[in-house]
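# A structural walkthrough
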Amino acid sequence: MMKKIISIVLLLSLCLSFTSCGKSEPKKISCEDIIEAYEDAGYEVEFHNHDDPIYYDLNQSCHIKITDPDDPEDKYLYVTRYFTDKDAKAASKENKFNPVLWMFFSIFGEHRWLNTGYYGDLTYETFDTKMLKPLKELTK
């Protein structure tokens, strides 16, 4: 009888340990943290705080444009903060790379992002994955 009780307790504790391993919450990163990380890495940064109510319809609270001073025409990154994680995820999905759309829009002069993603309430879009390094360091 005692073996059955111990077996049940061990089985329950094992099941509880599996359910407790959920996805951790993303670390909160401020726009100022992003600006500082990229300026320290030698990039040029333009920051737009969206206090204007016109941006509320876009659910954006701030927008950051980061450019490589050695090649500002081709190497740039956009980071946008949204009011919620859900808004960021939806925006990232909307901007996600699609090879058919990329080819179509490239012909007509509008490039689509090759590298998109989100982290919590932030989204990013760039053509150059090397530019993501400071952001990735912040998310660790």
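Scope of this entry: the structure provided in the associated data block. In this text, all values refer to a predicted model and were calculated from it rather than measured experimentally. (Residues numbered from 1 in each chain as written. Predicted model: local features only at pLDDT ≥ 70, side-chain atom pairs only at ≥ 80, totals over all residues. Heavy atoms only, no water.)

## Looking at the nonpolar core
- The biggest cluster of nonpolar side chains holds 18 residues, and the ones touching the most others in it are I34, Y38, I64, I66, L77 and V79.
- Of all the secondary structure elements, the ones that give two or more residues to this core are helix 2 (31–40), strand 2 (60–67), strand 3 (76–82), strand 5 (122–126) and helix 5 (133–139).
- Counting residues per element, this core draws most heavily on helix 2, which supplies 5 residues.
- Look past the residues within four positions of L77 in its chain and what remains in contact with it is Y38, I64, K65, I66, Y124, E125, T126, M131 and L132. (Core = buried A, V, L, I, M, F, W, Y, C linked by side-chain atoms within 4.5 Å. Buried < 20%, exposed > 50% of the residue type's maximum accessible area, 1.4 Å probe, protein only. Helix = DSSP H or I, 4+ residues; strand = E, 2+ residues; numbered from the N terminus. Contact = heavy atoms within 4.5 Å.)

## Section: the state of the cysteines
- Across all of its chains, the model carries 1 disulfide by this definition.
- At a sulfur-sulfur separation of 2.0 Å, the disulfide partner of C31 is C62. Linking C31 in helix 2 with C62 in strand 2, this pair joins segments that are 31 residues apart in sequence. A single burial state applies to C31 and to C62, both of which are buried. (Disulfide = S-S within 2.5 Å.)

## What about helix 3 (residues 85–95)?
- Turning to helix 3, its buried residues are A88, A91 and S92. For helix 3, the angular spread of buried residues about the axis comes to 100°, placing them on one side. Structural note: helix 3 exposes K86, K93 and E94 on the side pointing more than 90 degrees away from its buried face.
- Turning to helix 3, the residues buried within the fold contact strand 3, strand 4 (115–119) and strand 5. (Arc of directions from axis to C-beta.)

## Regarding the pairing of strand 4
- Sheet topology note: the strand 4/strand 5 ladder contains 5 bridges and is antiparallel. Bridge pairing links T116 to E125 in strand 5.
- Joining the antiparallel neighbours strand 4 and strand 5 is a turn of 2 residues, in which G120 adopts a positive phi near 60°. (Pairing = 2+ DSSP bridges.)

## Regarding the sheet that holds strand 1 (residues 44–49)
- Taken together, the 5 strands give an open sheet; going across it, the order is 1-2-3-5-4, and neighbouring strands pair in antiparallel fashion. The open sheet has two edge strands, strand 1 and strand 4, and neither has a second partner. Strand-to-strand twist in this sheet, taken as the mean axis angle between neighbours without regard to direction, amounts to 15°.
- As judged from the 7 bridges shared by strand 2 and strand 3, these two strands associate in the antiparallel manner. The residue bridging C62 from the neighbouring strand is R81, located in strand 3.
- Contacting strand 1, strand 2, strand 3 and strand 5, helix 2 crosses the sheet at an angle of about 5° to strand 2.
- Contacts between helix 3 and the sheet are confined to strand 3, strand 4 and strand 5, with strand 4 contributing the most and set at about 170° to the helix. (Axes fitted to C-alpha atoms, helices over the stretch in contact; angles between N-to-C directions.)

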